[in-house]
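Analysis of the macromolecular model
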Amino acid sequence: MSDSAAARRTDTIPEWKREEVAELVEFLERYQSVGIVDVAGIPSRQLQSMRRDLHGSAEIRMSRNTLTVRALKEVDDGLEELTDYVSGQVAFVGTNDNPFGLYKQLEASKTPAPISAGEIAPNDIVIPEGDTGVDPGPFVGELQQVGAAARIMDGSIHVTEDSKVLEAGEPVSEELEGVLSELGIEPKEVGLDLRGVFSEGVRFEPDELAIDVEEYRSDVAAAASAARNLSVNAAFPTAGTTPTLLATAAGDAKALGVFAAIEDPDVLPDLIGKADAQVRSIAAQIDDEEALPEELRG
Amino acid sequence: MEYVYAALILNESGEEINEDNVTAVLDAAGVDVEESRVKALVAALEDVDIEEAVDTAAAAPAPAAGG
Amino acid sequence: MEYVYAALILNESGEEINEDNVTAVLDAAGVDVEESRVKALVAALEDVDIEEAVDTAAAAPAPAAGG
Amino acid sequence: MEYVYAALILNESGEEINEDNVTAVLDAAGVDVEESRVKALVAALEDVDIEEAVDTAAAAPAPAAGG
Amino acid sequence: MEYVYAALILNESGEEINEDNVTAVLDAAGVDVEESRVKALVAALEDVDIEEAVDTAAAAPAPAAGG
Amino acid sequence: MEYVYAALILNESGEEINEDNVTAVLDAAGVDVEESRVKALVAALEDVDIEEAVDTAAAAPAPAAGG
Amino acid sequence: MEYVYAALILNESGEEINEDNVTAVLDAAGVDVEESRVKALVAALEDVDIEEAVDTAAAAPAPAAGG
């Protein structure tokens, strides 16, 4: 850390704040990647369990926003760019894992949670088709009132098709809260929302950190195919491709043999098959049964 | 099938596919030739594009040769 | 393919597939016969079961009619 | 694709697919390495069963490998 | 592919597929033989069941042979 | 199939596919060469574009797994 | 396959696929490099259009010999 910067502030800042900032700075310097996470709306017990889950790979550190900003500026080194993300309820997250891995881990740690009346839907809320398991009663009306296609079937209340009951961005009504709660639907994903990361000199935004693992998986398969193709087509044998190489060479010989009608014992069965297919092909175009061999008459 | 094979040989040799030629090929192979079938085949093949029919068959995946 | 067709005609007529017979069929069709190809054909067919080869062919999925 | 190839070499040599190793391979090949792409690759491949993905490619009739 | 074809001839003739034999076949065909490629091929074939690999091609639907 | 492989090697080396060359390749591989088969091969390949014949096969659908 | 991957990286980076470069890439990946395989690879790729070879599907791998 910068001693001179710390010294400059000594007389204007209370002792406890100075110590807190010093601890924050120490935290920031301990990790290769440091990010700002949004912790708004996370119940403290859930936050505790997330901290435990991250233990060993990432650490969460909360403080007052003013001190958070002060620590970032103190470390400087590019980290001050993260002050853009400090607003509302936020915390530091630090890791020596790479920022893509951190993002993945934070996303994976998110858990579903119920949504309360007055809250804004973070995504479309859908009540899925199926048997609700609720006995016939006023609940049918409640479902219908919030916009779900519901009726009584086989002695219980069914939702007859996937029903979108609220658009993303719209507030949740009292009635909807009640229905969702009755059905046990938890439409929110609660967790540490990464706002931005600074890692070894580079700032990353969440959309840059969202990696499509499927795409990498298919890239690996495509790369393996490319190598196989090159190995076979350039006739460079490798452990995995030698059988294919042999089959290709044998196929070449067979193709040439059939194409040129070479009288070779290995080719003749194919040639005979080909001749037979040709006769059938011609026969298929002849209408006059009299002209056809008996075995090919319709 | 032998009548059609005879026509195919004539097609490859470039000889005309007529009654005399088909009969000659079959005779040479020891086939007991039925004149009416030869007639019918020759007449029927007048309307068939043999090259195309042969190519169509060739383009099809040929059968797996018995192992 | 004419050499193969000739062998197949003989096979159907029940005549022996030997050099003389194959040559006779091809001659009758006006083919300029290559003796070595006849020899090779006859030799190769000694090891091939024609019926089986045809049956295998027939059993194969019918070719998609040419488009 | 060179980043993926680099990872696959490491996979075959049995070396760990980490940022240092991937960067070293690409450097040696004269690639102008982008650190963030290496980081993303390493993080993504943690969740990919490479053997399985490679086997998939081998078992399927090789698709024309994308660019 | 000439190196592989050479190995397959040796396989059919029953001769050992070693560097000398592969080189001799290629030499006879006027190929400018690359010693390292011969070595690589011979080494690769040590662990491969050639009959089985070749049979795969034979069992495959015969290639669409043009007219 | 050794005769056909010999032709394929000669095709790749750019040497002429004639009786002498085919025989030389087969000799080198320890094959007990039959002159008539060599002759038949050379005759069969006379007007054939080997590249095209082989490529036609390559374009064919991947073989169905044996069974 | 690591040798082939090394060639593919060099192909993408635009560096020449020569023995030095291939060796450097493999070294960086911790591969115990065999000089003759490097030589064989470079020789095999000499006249090959890599883009085309990569895009051309190789025949499917040998399926387990049919039951």
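Here goes a summary of the coordinates provided. None of the values given here were measured: they were computed from a predicted structure.

Some words on the overall build of chain B
- Each helix and strand counted, chain B has four helices and zero strands in total.
- Overall, chain B shows an N-to-C arrangement of helices and strands of α-α-α-α.
- Across chain B, every contact between residues at least 6 apart in sequence was considered, and the portion connecting residues at least 24 apart equals 45%.
- Surface exposure of chain B reaches about 2900 Å², of which carbon and sulfur atoms provide 40%.

Let's talk about the overall build of chain A
- When helices and strands are tallied, chain A shows 11 helices and 12 strands.
- Computed over C-alpha atoms, the radius of gyration of chain A comes to 34 Å, more than 25% over the 19 Å expected from 2.2 N^0.38 for 298 residues, which places it beyond the range of a compact globule.
- Along the three orthogonal principal directions, the C-alpha set of chain A runs to about 110 × 65 × 25 Å.
- The buried share of chain A, reckoned over its 298 residues, is 52%.

Concerning the environment of glycine 35 of chain A
Residue and element names in this part refer to chain A.
- With respect to the helices and strands, glycine 35 occurs in strand E1 (residues 33-38).
- Put simply, glycine 35 and isoleucine 120 are 85 residues apart on the chain and 26 Å apart in space, counted from C-alpha to C-alpha.
- Glycine 35 has contacts with Ala91, Phe92, Val93, Leu194, Gly196 and Val197, leaving out every residue within four places of it along the chain.

Digging into the environment of leucine 209 of chain A
All names here are of chain A.
- Within the secondary structure layout, leucine 209 lies in helix H8 (residues 206-209).
- As for leucine 209 and leucine 192, which are separated by 17 residues in sequence, their C-alpha atoms are 14 Å apart.
- What leucine 209 contacts, discounting residues up to four positions off in sequence, is Pro99, Phe100, Tyr103, Leu194, Val197 and Phe204.

So, the sheet that holds strand E6 (residues 130-131) of chain A
Residue and element names in this part refer to chain A.
- The three strands lie next to each other as E6-E8-E7, forming an open sheet whose pairing is antiparallel. For this open sheet the edge positions go to E6 and strand E7 (150-153), each flanked by a neighbour on one side alone.
- Direction of pairing for E6 relative to strand E8 (residues 156-159): antiparallel, over a ladder of two bridges. Note on E8: the bridge partner recorded for glycine 130 is valine 159.

What about the environment of leucine 24 of chain A?
Residue and element names in this part refer to chain A.
- Here leucine 24 is to be found in helix H2 (residues 15-30).
- Sequence separation between leucine 24 and leucine 67 is 43 residues, and the spatial gap between their C-alpha atoms is 8.3 Å.
- Setting aside residues no more than four positions away along its own chain, leucine 24 makes contact with Arg61, Ser63, Leu67, Thr68, Ala71 and Phe92.

Some points on the interface of chain D and chain A
- Taken together, the contact pairs 27 residues of chain D with 22 residues of chain A.
- Carbon and sulfur atoms supply 69% of the area buried between chain D and chain A, which totals about 2100 Å² over both sides.
- Between chain D and chain A we count five residue pairs in polar contact (both at pLDDT 80 or more) in total.
- Elements that contribute at least two residues to the side of chain D that touches chain A include exactly helix H1 (2-13), helix H3 (35-45) and helix H4 (50-59) of chain D.
- A total of nine residues in the side of chain D that touches chain A trace back to one element, the largest contributor, which is H3 of chain D.
- Tallied by class, residues from the side of chain D that touches chain A come to 19 nonpolar, two polar and six charged.

Here we look at helix H5 (residues 99-108) of chain A
Residue and element names in this part refer to chain A.
- For H5, the buried fraction is high: seven of the 10 residues fall into the buried class.
- Considered for burial, the residues of H5 that qualify are Pro99, Phe100, Gly101, Leu102, Tyr103, Lys104 and Leu106.
- Two or three places before phenylalanine 100, at the start of H5, stands the capping residue asparagine 98, its side-chain oxygen 2.8 Å from that residue's backbone nitrogen.

A look at the sheet that holds strand E3 (residues 90-95) of chain A
All names here are of chain A.
- What the five strands build is an open sheet, ordered E2-E3-E1-E11-E12; its pairing is antiparallel. The sheet is open, and its two borders are formed by strand E2 (58-62) and strand E12 (202-204), each paired with just one other strand. With direction set aside, neighbouring strand axes in the sheet form an average angle of 20°.

Considering the nonpolar core
- Of all hydrophobic cores here, the largest spans 121 residues; its most connected members are Ile9 of chain B, Ile9 of chain C, Ile9 of chain E together with Ile9 of chain F.
- Leave out the neighbours within four places in its chain, and isoleucine 9 of chain B touches Val25 of chain B together with Glu2, Tyr5, Ala6, Ile9, Val25, Leu26, Ala29 and Val31 of chain C.

Details of the pairing of E1 of chain A
All names here are of chain A.
- Burial runs high along E1: six of the six residues are buried.
- Neither face of E1 is open: one carries Ser33, Gly35 and Val37, the other Val34, Ile36 and Asp38, and all of them are buried.
- Here E1 pairs with E3 via six bridges, running antiparallel. The partner of aspartate 38 across the bridge, within E3, is valine 90.

A word on the side chain of serine 109 of chain A
- In this fold, serine 109 of chain A is placed in the loop between H5 and strand E4 (111-113).
- Discounting residues that sit within four places of it in the chain, serine 109 of chain A has contacts with Met50 and Val190 of chain A.

Remarks on the packing of aromatic side chains
- Counted under the stated rule, the structure contains six aromatic pairs over all chains.
- A ring pair is formed by phenylalanine 27 of chain A and phenylalanine 92 of chain A, whose centres lie 6.1 Å apart and whose planes are at 20°; its orientation type is stacked. Note that phenylalanine 27 of chain A is positioned in helix H2 and phenylalanine 92 of chain A in strand E3, a separation of 65 residues in sequence.
- Owing to a relative accessible area of 1%, phenylalanine 27 of chain A belongs among the buried residues under this scheme.
- Judged by relative accessible area, which is 1%, phenylalanine 92 of chain A ranks as buried.
- The positively charged end of arginine 37 of chain B is found above the aromatic ring belonging to tyrosine 3 of chain B, 4.2 Å away from the centroid.

A short note on the packing of helix H3 (residues 35-45) of chain E against helix H3 (residues 35-45) of chain G
- For the pair H3 of chain E and H3 of chain G, the least separation of the axes is 8 Å and the interaxial angle reads 110°. Considering the angle they form, H3 of chain E stands roughly perpendicular to H3 of chain G. When you trace H3 of chain E past H3 of chain G, the crossing you get is left-handed. Contacts between H3 of chain E and H3 of chain G involve Ser36, Arg37, Lys39 and Ala40 of chain E from the first element and Ser36, Lys39, Ala40, Ala43 and Ala44 of chain G from the second.
- Looking at the contact of H3 of chain E with H3 of chain G residue by residue, the class counts come to four nonpolar, two polar and three charged.

Points about the pattern of salt bridges
- Going through the model one piece at a time under the given rule, you end up with 31 salt bridges over all chains.
- Glutamate 20 of chain A serves as the salt-bridge partner of arginine 61 of chain A, at 3.2 Å between the closest nitrogen and oxygen. Linking arginine 61 of chain A in strand E2 with glutamate 20 of chain A in helix H2, this pair joins segments that are 41 residues apart in sequence. Both residues of the pair, arginine 61 of chain A and glutamate 20 of chain A, count as buried.
- Residue lysine 39 of chain E pairs with glutamate 19 of chain E through a salt bridge whose shortest N-O separation is 3.9 Å. Separated by 20 residues along the polypeptide, lysine 39 of chain E in helix H3 and glutamate 19 of chain E in helix H2 (residues 19-28) bring together distant segments of the chain.
- Owing to a relative accessible area of 32%, lysine 39 of chain E belongs among the partly exposed residues under this scheme.
- Each of the salt bridges in this network shares a partner with another, and the network as a whole consists of Glu200 of chain A together with Glu19, Glu35 and Lys39 of chain D.

Conventions and cut-offs
- The numbering scheme is per chain: residues are counted from 1 as the chain's sequence reads.
- Lettering for chains starts from A, numbering for ligands starts from 1, and both go in the order in which the items are written.
- Local features in this predicted model are restricted to residues whose pLDDT is 70 or higher, and side-chain atom pairs enter the listing and the counts only when it is 80 or higher, whereas totals over whole chains, interfaces and linings include all residues.
- To obtain the side-chain values, all non-hydrogen atoms of the structure were used and water was disregarded.
- Helix and strand definitions follow DSSP, with helices as H or I runs of at least four residues and strands as E runs of at least two, each counted in order from the N terminus.
- Any two residues whose heavy atoms approach within 4.5 Å at even a single point are treated as in contact.
- Computed with a 1.4 Å probe, the accessible areas rest on the Shrake-Rupley method; for each residue, only the protein chains presented here act as cover.
- In this setup the radius of gyration rests on C-alpha atoms only. A globule is expected at 2.2 Å times the number of residues raised to 0.38.
- For every residue, the accessible area (1.4 Å probe, protein chains only) is compared with the maximum for its type, and the residue is labelled buried under 20%, exposed over 50%, or partly exposed between those bounds.
- Two strands are counted as paired when DSSP detects at least two bridges linking them.
- Summed over both partners, the accessible surface that disappears when two parts come together, traced with a 1.4 Å probe, is what is meant by buried area.
- N or O atoms within 3.5 Å of each other form a polar contact, as long as, within protein, one can give a hydrogen and the other can take it, and as long as residues adjacent in sequence are counted only when both atoms are side-chain atoms.
- Asp, Glu, Lys and Arg are counted as charged, while Ala, Val, Leu, Ile, Met, Phe, Trp, Tyr, Cys and Pro are counted as nonpolar; the rest, among them Gly, fall into the polar class.
- Angles shown run from 0 to 180 degrees and are taken between the N-to-C directions of axes, each axis being a line fitted to C-alpha atoms and, for helices, limited to the stretch in contact.
- For our purposes a nonpolar core is just a set of buried Ala, Val, Leu, Ile, Met, Phe, Trp, Tyr and Cys residues, chained together by side-chain atoms within 4.5 Å.
- Note on ring pairs: Phe, Tyr and Trp rings are taken, using the six-membered ring of Trp, and paired if centres are within 6.5 Å. Classes follow the plane angle, with under 30 degrees stacked, over 60 edge-to-face and the rest tilted.
- We call a charge positioned above a ring when the Lys NZ or Arg CZ atom is no farther than 6 Å from the ring centre and deviates by at most 35 degrees from the ring normal.
- Any angle from 65 to 115 degrees is called roughly perpendicular, while one under 35 is roughly parallel, one over 145 is roughly antiparallel, and all others are oblique.
- Crossings are classed by handedness, with left-handed meaning an anticlockwise turn of the near helix from the far one by less than a right angle and right-handed meaning a clockwise turn.
- Between Lys or Arg on one side and Asp or Glu on the other, a salt bridge is scored when a side-chain nitrogen of the former is within 4 Å of a carboxyl oxygen of the latter.

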